[in-house]
Amino acid sequence: MATATYPPPPPYYRLYKDYLQDPKSVPEPPPPIEGTYVCFGGNYTTSNVLPSLEEQGVRQLYSKGPNVDFKKVLRSLNGELQLHVLELADILIERPSQYARRVEEISTVLKNLHHLLNSLRPHQARATLIHILELQIQRRKQAVEDIKRRRDEARRLLNESLATLDGH
């Protein structure tokens with residue numbers, strides 16, 4: 001069986017053959033996917049809802065509610081993680097067969113940290129967008145100022161040229 005270096009185009013390219021003559025002859029794009037879908041064997045959803053730790057089967061180590069002090073909770077979980085890692089090192093030295101419980105505790109702390117950080121992602125995205133927009137505004141203001149400066153310079157040069165021509 002022979003293989004081509006460049007395979008032929010997909011058959012749906014024929015749908016666009018009259019595009020240059022009549023741009024409205026092409027088919028409409030498919031509607032956006034809503035709900036769940038399968039991609040590469042994994043089930044995904046189009047909703048942007050962060051599942052709770054309970055839904056994931058993980059014990060939540062910090063208080064529930066809308067008024068969570070993220071900085072305080074992240075610091076305490078980080079300290080707890082360090083403590084569990086040190087305890088794991090001690091257990092591995094003294095009783096190597098009993099390490100599984102400590103590994104599970106470390107896993108729970110890490111999942112809680114990860115969940116807290118993921119819950120901050122929308123705030124991070126919003127702050128990043130605000131920063132980008134502020135930079136764009138600043139650049140545009142600088143561009144306007146540069147255009148005004150060049151306009152004034154051009155007017156000055158024109159006035160000097162006119163004065164020179166009037167002087168002769």
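Residues numbered from 1 in each chain as written. Predicted model: local features only at pLDDT ≥ 70, side-chain atom pairs only at ≥ 80, totals over all residues. Heavy atoms only, no water.

Engineer: Where do I start with helix α2 (residues 100-167) in this structure?
Structural biologist: Helical geometry: 3.6 residues make up each α-helical turn, so side chains three or four residues apart lie on a common side. Over its 68 residues, α2 extends 96 Å from the first C-alpha to the last, a length consistent with the 100 Å expected when each residue adds 1.5 Å. Of all bends in α2, the biggest is about 35°, found at R121, and the proline P122 comes one to four residues later. When α2 is considered as a whole, its buried residues turn out to be R102, E105, I106, T108, V109, N112, L113, H115 and L116. The secondary structure elements touched by the buried residues of α2 are α1 (70-94). (Helix = DSSP H or I, 4+ residues; strand = E, 2+ residues; numbered from the N terminus. Expected span 1.5 Å × (residues − 1). Bend = angle between axes of the 7 residues up to and from the residue. Buried < 20%, exposed > 50% of the residue type's maximum accessible area, 1.4 Å probe, protein only. Contact = heavy atoms within 4.5 Å.)

Engineer: Help me understand the pattern of salt bridges, please; the structure alone is not making it clear to me.
Structural biologist: Between side chains of opposite charge, pairing is possible as soon as their charged atoms come close. Counted according to the given criterion, the structure contains ten salt bridges. The salt bridge involving R102 is made with E87; its shortest N-O contact spans 3.0 Å. A residue pair is termed long-range when its members are at least 10 positions apart, and R102 in helix α2 and E87 in helix α1 qualify at 15 residues. Between E94 and R95 there is a salt bridge; the shortest N-O distance is 3.4 Å. Taking relative accessible area as the criterion, E94 reaches 56% and is therefore assigned exposed. Taking relative accessible area as the criterion, R95 reaches 37% and is therefore assigned partly exposed. The network of salt bridges with shared partners includes E87, R101, R102 and E105. (Salt bridge = Lys/Arg side-chain N within 4 Å of Asp/Glu carboxyl O.)

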